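Structure at a glance
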Amino acid sequence: MSKLLDDVKKLDEKIAIETGSPNIEVPNEAVTYDSGWNSTKYLSASAFDTKFGKEDFASELKEFSEVWDILERGEKFVAMLYTFRSCSQALKDVQTNADTPKEVKDEIYQKEFNIFRPEIKKLSDLRQYHEDTVKKFKDLIESLTQAEKKKEVHSQLKLDLIVRLLDVLIKLDKLKDMKSNLVNDFARYKRAVQLVGGLLGNKKELETEIFNLQGFLCNPSHPHGLIIWSAKKNIEEVDNSIDVICMLLQHCKETLETRRFVLPDEEHMQYRVIVYLMYILDAEKDNKKGVNAFREKGASFVMTLFKQTPVIPLFGDMQIQIKYDLNKCQHWTDTQRDQIDDSSKKTKDHYMLHGNKRQEIRAAYSSYTSKFCSLINRIRTLKKESDFKEKINLELCSETYQTVLEGLQLISKWNSQIRMQSSYKYAFPVNDQEYKSKG
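Residues numbered from 1 in each chain as written. Predicted model: local features only at pLDDT ≥ 70, side-chain atom pairs only at ≥ 80, totals over all residues. Heavy atoms only, no water.

**Overview of the overall build of the protein chain**
Stated formally: By the criteria applied, helices consist of DSSP H or I runs no shorter than four residues and strands consist of E runs no shorter than two, each listed in order from the N terminus. Surface accessibility in these figures is a Shrake-Rupley result with a 1.4 Å probe; residues are shielded only by whichever protein chains are displayed.
Within the protein chain, the regular secondary structure consists of 17 helices and 4 strands. Summed over all atoms, the accessible surface of the protein chain reaches about 27,000 Å², with 52% contributed by carbon and sulfur.

And the structure:
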């Protein structure tokens, strides 16, 4: 290893070679190239501009880059909805009478328009994002149908991105339904445009925007769950989509079983996506000709999972209660719903961090910190030796990597347990009598 490092360093040294020929060339400028290996832009995608069999890796990487951009924008919209605060609650209703001059009324409503316009623009952008993301989700599912039919090997990253994309749609859908003040602000804005739209110069554009937002925020046929319902209807148009949905269910199951994640939200994302994949797979309410998702072979594990984890963290202090979220499924029966006893002592003990669970966390913490400190001390001792570089071998590097990864996974596991406990407490807060009895 030491000899190799010395050889590499020589590449940076200037070696003068006397050839006798005059130097007539201008010195070359240094070129810095970012391969993009640690980004989601895949700057080196053009290097894969070839085909192995029938796979076009360059096009696939470009597609992945587009999905990462969509996910990044989606997280911003999720944060926007979660922190959205109503402007209409802070404004008093405009009080006018027959004697109020028209100029005063126009000025009042124009000011209302100016106040609400930035917030409505955000909602308009959200509506457009929802349509674009649902279309991309459909395209990704469609791209897997032919491959699934031939039982070809799928890109694991592609499956992960589809899961992430659906999770963003789930968060947006739930947050949109929980924020009733969106409709209140829209109603005030709509009234202002109707009264002073002619003075703004772009009344037709504003009316078109209002018409589209009306269908997005106040859809009479789907007042709740519009975003996921749109994704469901689009997927129903794809041939052989059932096989792909079942494959995604198995992918989420394997991710949970092998703990192939680091962050707590990545774990909870698998649970959320499994719930809504079942909704997408199953027939909608009052459609008795559709698929029974709960009888599909690829979904046979879901009821056991739902019984163990009936409450799932969503975002912030919000959570999903599975037995209510599946009410829109045609084949979600009362019997199945009753099997999920989310208020039983067994379920509560599963979520609560008390007794043995805290002792296990303390024991794991003590064991790991001892192991981590021992490794750090060994490395510090090695650094003091003259042949330090030679003793940095693959075995030590591997041990360091595994130790750091283990620590991150422990932190993630504990964080996940705290979030699960919090979500359960938000869903089932103690009553006043029990609260007072505990001081």
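**Description of the confidence of the model for the protein chain**
Counted only if it meets this: Residue-level confidence of the predictor is summarised by pLDDT, bounded by 0 at the bottom and 100 at the top. In what follows, residue pairs with any heavy atoms lying within 4.5 Å of each other are defined as contacts.
Summary statistics for the protein chain give a mean pLDDT of 84 and a share of 83% for residues scoring 70 or more. Counting interchain partners and residues more than four positions distant, the pLDDT-below-50 stretch residues 32-38 has 7 contacts.

**Observations regarding the nonpolar core**
Soluble, globular proteins show a tendency: their nonpolar side chains are buried together. Quick note on the threshold: The criterion is simple. A nonpolar core is a set of buried Ala, Val, Leu, Ile, Met, Phe, Trp, Tyr and Cys residues joined through side-chain atoms within 4.5 Å. Classification of residues uses two cut-offs on accessible area relative to the type maximum, computed with a 1.4 Å probe and protein chains only: under 20% is buried, over 50% is exposed, and between them is partly exposed.
Formed by 85 residues in total, the largest nonpolar core has its most connected members in Phe137, Leu172, Ile274, Met278, Phe306 and Leu326. Discounting residues that sit within four places of it in the chain, phenylalanine 137 has contacts with Ile162, Leu165, Leu166, Ala231, Ile235 and Ile280. Counting 6 residues, the second-largest nonpolar core is a separate cluster that includes Val311, Tyr351, Met352 and Ala427.

**Describing the packing of aromatic side chains**
For the record, the criterion: Classification of ring pairs uses Phe, Tyr and Trp, with its six-membered ring standing for Trp, and accepts pairs whose centres are within 6.5 Å; under 30 degrees between planes counts as stacked, over 60 as edge-to-face, and the remaining range as tilted.
Under the definition given, this model contains 9 aromatic pairs. Ring plane angle 80 degrees and centroid distance 5.1 Å describe the contact between tyrosine 82 and phenylalanine 315, whose orientation is recorded as edge-to-face. Remark: phenylalanine 315 occurs in strand 3 (residues 311-315) and tyrosine 82 occurs in helix 2 (residues 57-82); sequence separation between them is 233 residues. Taking the relative accessible area as the measure of exposure, phenylalanine 315 reaches 24% and is therefore partly exposed. Judged by centre distance (5.3 Å) and plane angle (35 degrees), the ring pair of phenylalanine 294 and tryptophan 332 falls under tilted. Taken together, the residues span a long stretch of sequence, with phenylalanine 294 in the loop between helix 9 (264-281) and helix 10 (302-308) and tryptophan 332 in the loop between helix 11 (322-325) and helix 12 (334-339) at a distance of 38 residues.

**Quick look at the packing of helix 9 against helix 16 (residues 394-427)**
How we decide: To obtain each axis, a line is fitted to C-alpha atoms, and for helices this fit is confined to the stretch in contact; angles are then taken between N-to-C directions over 0 to 180 degrees. Orientation categories follow fixed angle ranges, with anything under 35 degrees roughly parallel, anything over 145 roughly antiparallel, 65 to 115 roughly perpendicular, and all other angles oblique. Residue classes follow a fixed rule: Ala, Val, Leu, Ile, Met, Phe, Trp, Tyr, Cys and Pro count as nonpolar, while Asp, Glu, Lys and Arg count as charged, and any other residue, Gly among them, counts as polar.
Relative to each other, helix 9 and helix 16 sit at 55 degrees, their axes nearing to 8 Å. If you check the angle between helix 9 and helix 16, you find them oblique. Contacts between helix 9 and helix 16 involve Pro264, Asp265, Glu267 and His268 from the first element and Ser412, Asn415, Ser416, Arg419 and Met420 from the second. The class makeup of the residues in the contact of helix 9 with helix 16 is 2 nonpolar, 4 polar and 3 charged.

**Thoughts on the environment of lysine 138**
Looking at the element boundaries, lysine 138 is found in helix 3 (residues 102-149). For the pair lysine 138 and isoleucine 235, spaced 97 residues apart in the sequence, the C-alpha separation amounts to 5.8 Å. For lysine 138, the residues in contact, after removing those within four places along its chain, are Asn234, Ile235, Glu237 and Val238.

**A short note on a positive patch on the surface**
This is how the line gets drawn: Every patch collects residues that have over 30% relative accessible area and no salt bridge, joining them within 9 Å if they carry like charges and within 5 Å if they are nonpolar side chains (Val, Leu, Ile, Met, Phe, Trp, Tyr). What makes a salt bridge here is a side-chain nitrogen of Lys or Arg within 4 Å of a carboxyl oxygen of Asp or Glu, nothing more. Counted charges follow a simple rule, with Lys and Arg positive, Asp and Glu negative, and His plus the chain ends left uncounted. Every charge is mapped to an atom, namely NZ of Lys, CZ of Arg, CG of Asp or CD of Glu.
Judged by side-chain charge, Lys348, Arg358, Arg362 and Lys425 come together as a positively charged surface patch. The residue lysine 348 is located in helix 13 (residues 345-351) in this model.

**A closer look at unusual backbone geometry**
In this model, asparagine 240 sits at a positive phi of 60 degrees, which is unusual for a non-glycine residue. Inspection of the secondary structure puts asparagine 240 in the loop between helix 7 (226-236) and helix 8 (241-258). One non-glycine residue, arginine 259, adopts positive backbone phi at about 50 degrees. Mapped onto the elements, arginine 259 comes out in the loop between helix 8 and helix 9.

**Description of the pairing of strand 4 (residues 318-321)**
In summary, the side chains of a regular strand alternate between the two faces of the sheet. Heads up, the rule is: Strand pairing is assigned whenever DSSP identifies at least 2 bridges connecting the two strands.
Alternating residues of strand 4 divide into Met318 and Ile320 and Gln319 and Gln321, and every residue in both groups is buried. Note: strand 3 against strand 4, 4 bridges, orientation antiparallel. Of the residues in strand 4, the one forming a bridge with isoleucine 312 is isoleucine 320.

**What to know about the pattern of salt bridges**
Taken as a whole and assessed by the stated rule, the structure comprises 28 salt bridges. The partner of glutamate 119 in a salt bridge is lysine 122, with the nearest N and O atoms 3.5 Å apart. Of this pair, glutamate 119 and lysine 122 both sit in helix 3, 3 residues apart, roughly one helical turn. Residue glutamate 119 is classed as buried on the basis of its relative accessible area of 17%.

**Quick look at the packing of helix 8 against helix 9**
Selection criterion: A crossing counts as left-handed when the near helix is turned anticlockwise from the far one by less than a right angle, and as right-handed when that turn is clockwise.
Their axes nearest at 10 Å, the elements helix 8 and helix 9 cross at an angle of 160 degrees. Here helix 8 lies roughly antiparallel to helix 9, going by the angle between them. Of the two elements, helix 8 crosses helix 9, and the hand of that crossing is left-handed. Every residue of helix 9 that contacts helix 8 at Ile242, Ile245, Cys246, Leu248, Leu249, Cys252, Lys253, Thr255 and Leu256 is listed here: Glu267, Gln270, Tyr271, Val273, Ile274, Leu277, Met278, Ile280 and Leu281. Residues of the contact of helix 8 with helix 9, tallied by class, amount to 14 nonpolar, 2 polar and 2 charged.

**Notes on the environment of proline 264**
Note on placement: proline 264 falls in helix 9. The exposure class of proline 264 is buried, given its relative accessible area of 9%.

**Thoughts on the side chain of aspartate 282**
What counts is decided by this rule: In the analysis that follows, any N or O atom pair within 3.5 Å is treated as a polar contact, provided that within protein one partner can donate a hydrogen and the other can accept it, and provided that, for residues neighboring in sequence, both atoms belong to side chains.
Inspection of the secondary structure puts aspartate 282 in the loop between helix 9 and helix 10. No salt bridge forms around the buried aspartate 282; measuring N to O, its nearest opposite-charge neighbour lysine 232 is 6.3 Å away. Separated by 3.0 Å, the side chains of aspartate 282 and histidine 331 make a polar contact. Beyond its immediate chain neighbours, meaning those up to four positions away, aspartate 282 contacts Lys232, Val291, Asn292, Ala293, Phe294, Cys329, Gln330 and His331.

**Some thoughts on the pairing of strand 3**
When you tally the buried positions in strand 3, you get 4 out of 5 residues, the bulk of the element. Turn length for the strand 3-strand 4 hairpin, with the two strands adjacent in sequence and antiparallel, is 2 residues, and the turn residue glycine 316 shows positive phi of about 60 degrees.

**Brief notes about a nonpolar patch on the surface**
A cluster of nonpolar residues, Val262, Leu263, Phe372, Val404, Leu408 and Ile411, forms a patch on the protein surface that exposes about 490 Å² of accessible area. No other element matches helix 16, which puts 3 residues into the nonpolar patch. With respect to the helices and strands, the residue isoleucine 411 is situated in helix 16. For isoleucine 411, a relative accessible area of 52% translates into the label exposed.

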